[in-house]
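Structural overview for review
Here are the chains, one letter per residue:
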Amino acid sequence: MVGKMRLVREDTLYMLNLIEDALKGGSLESILKYDTKAKGRVRKALDMLGSSTIVHLVCNGRSSWFYVGPHSVHYIIPKTYCSCIDFNINVIFRGRIPTCYHLVVHVINTALGRVKTLNVKINDYEKILEEVIKEEDSRRLRVLLVKA
Ligand SMILES: [Zn+2]
């Protein structure tokens with residue numbers, strides 16, 4: 001089981017590196033060639049670009065990344081992990097797909113220089129992480145994003 005999980009994670013990194021490379025040389029649509037392997041998650045990522053934000057939250061030398069969508073916020077480790085149900089069930093548990101669409105959105109936004117960096121105080125940093133883990137959303141993060 002441990003071996004299988006490690007393989008799945010290599011698959012995630014491999015797929016997201018391919019997408020990153022395709023973005024360097026081509027148009028956004030050029031990454032759709034990976035959509036079959038990702039069972040629709042690449043197209044979904046392109047569809048969500050306009051209504052989502054990738055936030056790099058920084059606090060005293062610590063930092064975390066979040067996908068902020070219209071209805072949910074997910075904690076992500078770039079090219080490696082996402083806290084969403086799709087990643088936990090279909091990537092880690094079932095090994096059906098290499099990535100969820102949130103990690104693809106992160107790669108695209110990074111390539112386009114559109115990641116939003118927020119420097120926050122420690123109480124905000126910890127509150128946001130707590131809200132995302134408990135509620136898959138964060139009122140605090142949304143408030144800070146509006147002010148930024
Ligand atoms: Zn996800």
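Above this text you will find the structure in question.
A brief look at the structure comes next.

Cut-off values and rules
- Residues numbered from 1 in each chain as written.
- Predicted model: local features only at pLDDT ≥ 70, side-chain atom pairs only at ≥ 80, totals over all residues.
- Helix = DSSP H or I, 4+ residues; strand = E, 2+ residues; numbered from the N terminus.
- Rg over C-alpha atoms; globule rule 2.2 N^0.38 Å.
- Buried ≥ 20, exposed ≤ 12 C-beta atoms within 10 Å, placed from the backbone.
- Contact = placed C-beta atoms within 7 Å.
- Axes fitted to C-alpha atoms, helices over the stretch in contact; angles between N-to-C directions.
- Parallel < 35°, antiparallel > 145°, perpendicular 65-115°, else oblique.
- Left-handed = near helix turned anticlockwise from the far one by under 90°.
- Nonpolar A, V, L, I, M, F, W, Y, C, P; charged D, E, K, R; others polar.
- Pairing = 2+ DSSP bridges.
- Core = buried A, V, L, I, M, F, W, Y, C linked by C-beta atoms within 7 Å.

Turning next to the overall build of the chain. In terms of helices and strands, the chain carries six helices and five strands. Starting at the N terminus, the α and β elements of the chain follow one another as α-α-β-β-β-β-α-α-β-α-α. Taking 15 Å as the expected radius of gyration for a compact globule of 148 residues, we find that the chain reaches 15 Å, a close match to that expectation. Oriented by its inertia axes, the alpha-carbon framework of the chain measures out at about 40 × 40 × 30 Å. Across the 148 residues that make up the chain, the buried fraction comes to 29%. Summarising the internal contacts of the chain: among those between residues at least 6 apart in sequence, 58% fall at separations of at least 24.

Axis angle and axis distance: for two packed helices, these are the angle between their axes and the distance between the axes, and together they describe the pair. It is at 8 Å that the axes of helix α2 (residues 41-48) and helix α4 (residues 101-111) come closest, and there the two elements cross at 60 degrees. With respect to each other, α2 and α4 are oriented oblique. Viewed along their axes, α2 and α4 form a crossing whose handedness is right-handed. Between α2 and α4, the residues in contact are R41, V42, K44, A45 and M48 and Y101, V104, V105 and I108, respectively. The class makeup of the residues in the contact of α2 with α4 is seven nonpolar, no polar and two charged.

Sheet architecture is open: five strands sit in the order β4-β3-β2-β1-β5, paired in mixed fashion. Looking at the sheet topology across the chains shown, the edges are occupied by β4 (81-82) and β5 (116-119). Along the sheet, helix α5 (residues 122-135) makes contact with β1 (53-59), β2 (62-68) and β3 (73-77), crossing β1 at roughly 135 degrees.

Moving on to unusual backbone geometry. The phi angle at K39 is positive, at roughly 50 degrees, despite the residue not being glycine. For K39, the position within the fold is in the loop between α1 (2-25) and α2. Residues other than glycine seldom take positive phi values, yet E136 does so here, at roughly 55 degrees. By secondary structure assignment, the location of E136 is in the loop between α5 and α6 (139-147).

Turning to its location among the elements, R139 is positioned in helix α6. The exposed category is assigned to R139, around which 12 C-beta atoms lie within 10 Å. Separated by twelve residues in the primary sequence, R139 and K127 have C-alpha atoms spaced 9.5 Å apart.

Another point: the nonpolar core. Of all hydrophobic cores here, the largest spans 33 residues; its most connected members are I19, F66, Y67, C100, L103, V104 and V105. Elements represented by at least two residues in this core include exactly α1, α2, β1, β2, β3, α3 (85-93), α4 and α5. If one sorts the elements of this core by residue count, α4 sits on top with six residues. For I19, the contacting residues outside a window of four places in its chain are I31, Y34, V104 and V107.

Running from amino to carboxyl end, α5 crosses α6 at an angle of 125 degrees, the nearest separation of the two axes being 7 Å. Comparing their axes, α6 and α5 come out oblique. In contact with D124, K127, I128 and E131 of α5, α6 contributes R139, R140, L141 and L144. Class assignment of the residues belonging to the contact of α5 with α6 gives a composition of three nonpolar, no polar and five charged.

Moving on: the environment of H74. The residue H74 is located in strand β3 in this model. The class for H74 is buried, based on 24 C-beta atoms found within 10 Å. It is 9.7 Å that separates the C-alpha atoms of H74 and I54, two residues lying 20 residues apart in sequence.

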